[in-house]
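# Residue-level structural notes
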Amino acid sequence: MEFIEVKIDKDIYPTLTENYLDYPFAYGTIVNLTDKYINVKPLARIEGINEESIQSPASSIAPNDSAEVPFYIIIPEKYHSDKTALSYSYFYLVTENEQPDDQFQKAILVNSSNSWDGRVSDLYYLIKKDLNFSTMNAKKVFNEYKTILDTLPAALENFYKAKLLFNRFIKNLVYTSDPRATGEYVQFPHETFELKGGDCDDLSVFYSLLLESVGIQTALVDYKSDEMIRHVNLLFDTDLSPEQAELITKNDSKYFIRESLKGKNEIWVPVETTSLTDFETAWKIGPEKFNKEAVNDFGIATGKVQIIDVY
Amino acid sequence: MKKIIAFIFLTGIISAQSFTVKNVTSEVRYQKGGEENWVQLQKGTVVENDATILTGKKSNVKLRDMDTEFTLGESSAVSVSSIKKMRIDDLLLALAMEDMMNAPKKPNKSSDNTAVYGTKQGEEVSPQLRPNDFGLKRLNGAKQLAENGMEESSVVAARETYRKYPDTKKLASYRIYFADILYKKGLYEEALKEYYEISKLELSKEEKDKVDAKVEAIKTILVNK
């Protein structure tokens, strides 16, 4: 077996770990030079990330035929890099023997751990990584407000927890632009907490994590109203039914009804995390933007506004 | 991403459509954007796109913008953003959005956090809940959109009301009224789905005959298409 060519499909964003289990990072064009079928195991390794080669699914190649095989990679959970740097990826084709039939080397860009591909759906990986940090901080706040939480009707629990967490953590942050001129940069929630600020995706990721860590479902809202202008904020699930809306507001434009898997309609609330004021203001501004761009301008239907559920 | 975000954040919510109040009779209030309170509406007031207008009994209000005049009758509520002419294509987009708004079909997730705060017992429904006729006023408002030539917009307003005030879905006469608009506009699949839903409600004989006739008519149309 021999390589004809290897194409790198995507640069490496180390934080998007599971992404690389689902999607190949490279494709190799290989050729079987024999007159019999051969089972080939493609392996790959990226210098600085993997100590051992990672095996991708084996393929059977027909005699004297060529084929394209995908190469997958695993980013170790503990891998971290502050800098974006050029590295090398090594590709191997193994058949019957331990020794590879052929190998190929290609340069690859390995981004820093704070780099992001700009896809709002991929912010999920940052939310997932800081779950323990968030749960701990949220618990501290709930313990402080235990008396109030104990006396609330159970139906209002999600809403008031979301309000408490916003007013304790998000309200006191400062809006700051990305520190780098090129590419997307996103902070881990613990960094946003320590730096006391961030931009819209940093603030939305942080608030989403705080809510998700205490069992409140969230969705990121990606506003792509213009090619050059994008914005991210948040929806969260109050777990209230439409009939219970009056428990939280007298204004029916401040919430939206979303149907869950079980067919249960629930009240979701849009929150503008960059409002940098209290929850009430963030909850006033969030629906105004959502109503205009997502609903009245048909942003959801045209794809200019996307709701990305965080699981 | 976001050096320019602050800019859109400030400008993105400025309304493009506003109406001036030409005449007010009796009790008419409005609620701005994300505000909680209702304010009495006066002649000459400019109401922005993000406001909601509510009329009491024997009350009405006449609104005008550059090219539209709209009168909202008694016991009605309407979002100012709904007072507009829509194309059929826009109506189809709005109907499609209903499903797109829903959460993806995945199993309900439970949190890793199992801590329990407090001593609540069971899932209670707050005793503060009370019957609300605001949904009915919303449907009245939607109906008047249709009566003022904004039929597509009226259907969108009605559908949103059904979602936010589920009890209004049981009001057969309103459901038939808005289903008839879908039928009239030639949106037969959408109308048929709605008539099927309506047929499950408690209907008078007249309503049942009307719904059955519409279902049969649509079936014939769809078969011969």
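Our structure's up above, just so we're on the same page.
Notes on the structure follow. Because the structure is predicted, anything quoted here is derived from the model rather than measured.

Along its length, chain A carries 9 helices and 17 strands. In chain A, which comprises 311 residues, the share counted as buried stands at 56%. Restricting the contact set of chain A to residue pairs at least 6 apart, pairs at least 24 apart contribute 66%. When the accessible area of chain A is evaluated, it comes to approximately 13200 Å², of which 47% is carbon and sulfur surface.

The subject of this paragraph is the sheet that holds strand β2 (residues 26-31) of chain A. Hydrogen bonds between backbone groups are what pair the strands of a sheet, and the pairing can be parallel or antiparallel. Residue and element names in this part refer to chain A. One open sheet accounts for 3 strands, arranged β1-β2-β6; its pairing is antiparallel. Each of the sheet's edge strands pairs with one partner strand only, and the pair in question is β1 (2-8) and β6 (66-71). If you compare each strand with its neighbour and ignore which way they point, the axes differ by 20° on average. Two elements, β2 and β6, share 6 bridges in a ladder whose sense is antiparallel.

All names here are of chain A. Counting buried positions over the 6 residues of strand β13 (residues 218-223) gives 6, a clear majority of the element. Of the two faces of β13, both are covered, the one formed by T218, L220 and D222 as well as the one formed by A219, V221 and Y223. Here 6 bridges tie β13 to strand β14 (residues 231-237), and the two strands are oriented antiparallel to one another. Along β14, the bridge assignment pairs T218 with F236.

Scanning the entire structure with this criterion turns up 1 cavity of 30 Å³ or more. There is about 800 Å³ of room inside the largest cavity. Every residue lining the largest cavity is counted, 45 residues in all, and those nearest its centre are N291(A), V295(A), N296(A), S81(B) and E160(B). Every element with two or more residues in the lining of the largest cavity is listed here: β15 (256-259) and α8 (279-296) of chain A together with β8 (77-79), α2 (88-100), α3 (134-147) and α4 (151-164) of chain B. It is α4(B) that provides the largest number of residues to the lining of the largest cavity, a total of 8 residues. Partitioned by chemical class, the residues of the lining of the largest cavity number 19 nonpolar, 14 polar and 12 charged.

Glancing now at the pairing of β14(A). Residues and elements named next belong to chain A. Counting buried positions along β14 gives 7 out of 7 residues, so the element sits mostly inside the fold. Of the two faces of β14, the one holding H231, N233, L235 and D237 and the one holding V232, L234 and F236 are both buried throughout. In this structure, β14 lies alongside strand β16 (residues 265-271), joined through 4 bridges in antiparallel fashion. Of the residues in β16, the one forming a bridge with D237 is W268.

The next subject is the pattern of salt bridges. Considering all chains together, one arrives at 36 salt bridges over all chains under this definition. Across the pair K146(A) and D150(A) runs a salt bridge whose closest N-O atoms are separated by 3.1 Å. In this pair, K146(A) and D150(A) are both assigned in helix α4 (residues 146-151), 4 residues apart and thus about one turn of the helix distant. For D150(A), a relative accessible area of 22% corresponds to the partly exposed category. A salt bridge links E288(A) to K284(A), with the shortest nitrogen-to-oxygen separation between them at 3.8 Å. In this pair, E288(A) and K284(A) are both assigned in helix α8, 4 residues apart and thus about one turn of the helix distant. Through salt bridges with shared partners, a single network forms among E98(B), R159(B), R175(B) and E194(B).

Conventions adopted
Residues numbered from 1 in each chain as written. Chains lettered and ligands numbered in written order. Predicted model: local features only at pLDDT ≥ 70, side-chain atom pairs only at ≥ 80, totals over all residues. Heavy atoms only, no water. Helix = DSSP H or I, 4+ residues; strand = E, 2+ residues; numbered from the N terminus. Buried < 20%, exposed > 50% of the residue type's maximum accessible area, 1.4 Å probe, protein only. Contact = heavy atoms within 4.5 Å. Areas by Shrake-Rupley, 256 points an atom, 1.4 Å probe, with all protein chains shown as cover. Pairing = 2+ DSSP bridges. Axes fitted to C-alpha atoms, helices over the stretch in contact; angles between N-to-C directions. 1 Å grid on protein atoms, 1.4 Å probe; cavity = no way out; pocket = protein on both sides within 12 Å on 5 of 7 lines; lining within 4 Å. Points joined across faces, edges and corners; volume = space filled by probe spheres on them. Nonpolar A, V, L, I, M, F, W, Y, C, P; charged D, E, K, R; others polar. Salt bridge = Lys/Arg side-chain N within 4 Å of Asp/Glu carboxyl O.

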